[in-house]
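# Fold and geometry: a report
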Amino acid sequence: MTIKSVLFDFSGTLFRVEPTDVWLRAVLDAAGIQGSAAAPGAVARWARELEAAGALPGGAAPRRVPERLAELWATRDMTTERHRAAYTGLARQVELPAPGLYDALYDRHMTPAAWRPYPDAAEVLGALRERGLGVAVVSNIGWDLRPVFRAHGLDRFVDTYVLSYEHGVQKPDTRLFRVACEALGQEPGDVLMVGDSRYADGGAASLGCAVHFVDHLPAEERPDGLRPVLELLG
């Protein structure tokens, strides 16, 4: 099999979101709420509780999804409204000092500053461009991630974006992968899908794509996890 194009997942594959405590402190600082204004240890406690709740998109999964949010959680990536409602709903399990913080936290995670490319992302995407291979980003997401790629200088390596909320379909549904293959002008058998989720990204195999998995780790702990993609291509 000759690979002619590569599909990449976004979160946990090409980019990693900032840690929960950094995310929270950025929003508290913007709101003028300092740790000293709260009870001792409150900020650290809020961060731990938000992480346990799974409130940061791209961060840790919820330890438990409340029954009232279960259906919303399962379909969160199909629309912008569901995505926001799911994650702010999880965040509201944590008692924060101001009601506006829940939406502020959600808004923060959509900013380029909240995301960091994996150290070898530019190298690998650039090498694919030099080899003439098409590249698509296929993501389960509820917002437009293109500004993140532009801000970090990686948009120039991407030919097309296939985002779940724009199609009302989420991985592992093969329809999302088919849209990406068609946008790149390739048959699925000539395409490699690279992602961190065996459940979601593994759906590409049902369409006939080759699949390669990377570990969903903090960026500093995975300096060269994407380089094996180039080895697979020969």
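The preceding data block contains the structure.
An account of the accompanying structure is given in this report. Residue indices begin from 1 for each chain and proceed along its sequence in written order. Since the coordinates come from a predicted model, pLDDT governs what is reported: local features require at least 70, and pairs of side-chain atoms require 80 or more to be given and counted, while whole-chain, interface and lining totals use all residues. Just so you know, side-chain values use all the structure's heavy atoms and leave hydrogens and water out.

### Concerning the packing of helix α1 (residues 20-30) against helix α2 (residues 42-53)
Angles run from 0 to 180 degrees between N-to-C directions of axes, and those axes are lines fitted to C-alpha atoms, restricted for helices to the stretch in contact. Only DSSP runs of H or I with at least four residues qualify as helices, and only runs of E with at least two residues qualify as strands; both kinds are numbered from the N terminus onward. Running from amino to carboxyl end, α1 crosses α2 at an angle of 125°, the nearest separation of the two axes being 9 Å. When the interaxial angle is binned, α1 and α2 end up oblique. Taken as a pair, α1 and α2 cross one another with a handedness that is right-handed. Residues Thr20, Asp21, Trp23, Leu24, Arg25 and Leu28 of α1 form the contact with α2, whose own contacting residues are Val43, Trp46, Ala47, Leu50 and Glu51. Polar here means any residue outside two lists: the nonpolar Ala, Val, Leu, Ile, Met, Phe, Trp, Tyr, Cys and Pro, and the charged Asp, Glu, Lys and Arg; Gly therefore counts as polar. Of the residues in the contact of α1 with α2, the class split is 7 nonpolar, 1 polar and 3 charged. An angle below 35 degrees is read as roughly parallel, one above 145 as roughly antiparallel, one from 65 to 115 as roughly perpendicular, and any other as oblique. For any helix crossing, the convention is left-handed if the near helix is rotated counterclockwise from the far helix by under a right angle, and right-handed if that rotation is clockwise. Residue contacts follow a heavy-atom distance rule, with two residues in contact if any of their heavy atoms lie within 4.5 Å.

### Here's the deal with the packing of helix α4 (residues 80-91) against helix α5 (residues 101-109)
Put simply, α4 and α5 touch, their axes get as near as 9 Å, and they point 125° apart. In this view, α4 runs oblique relative to α5, as classed from their interaxial angle. Crossing handedness for the pair α4 and α5: right-handed. Along its contact with α4, which presents Thr80, His83, Arg84, Tyr87, Thr88 and Ala91, the element α5 presents Tyr102, Asp103, Tyr106, Asp107 and His109. Taken together, the residues that form the contact of α4 with α5 break down as 4 nonpolar, 4 polar and 3 charged.

### Structural notes on the side chain of Ser11
Mapped onto the elements, Ser11 comes out in the loop between β1 (5-8) and β2 (15-17). Those residues in contact with Ser11 that lie beyond four places of it in its chain are Gly58, Trp115, Asp196 and His216.

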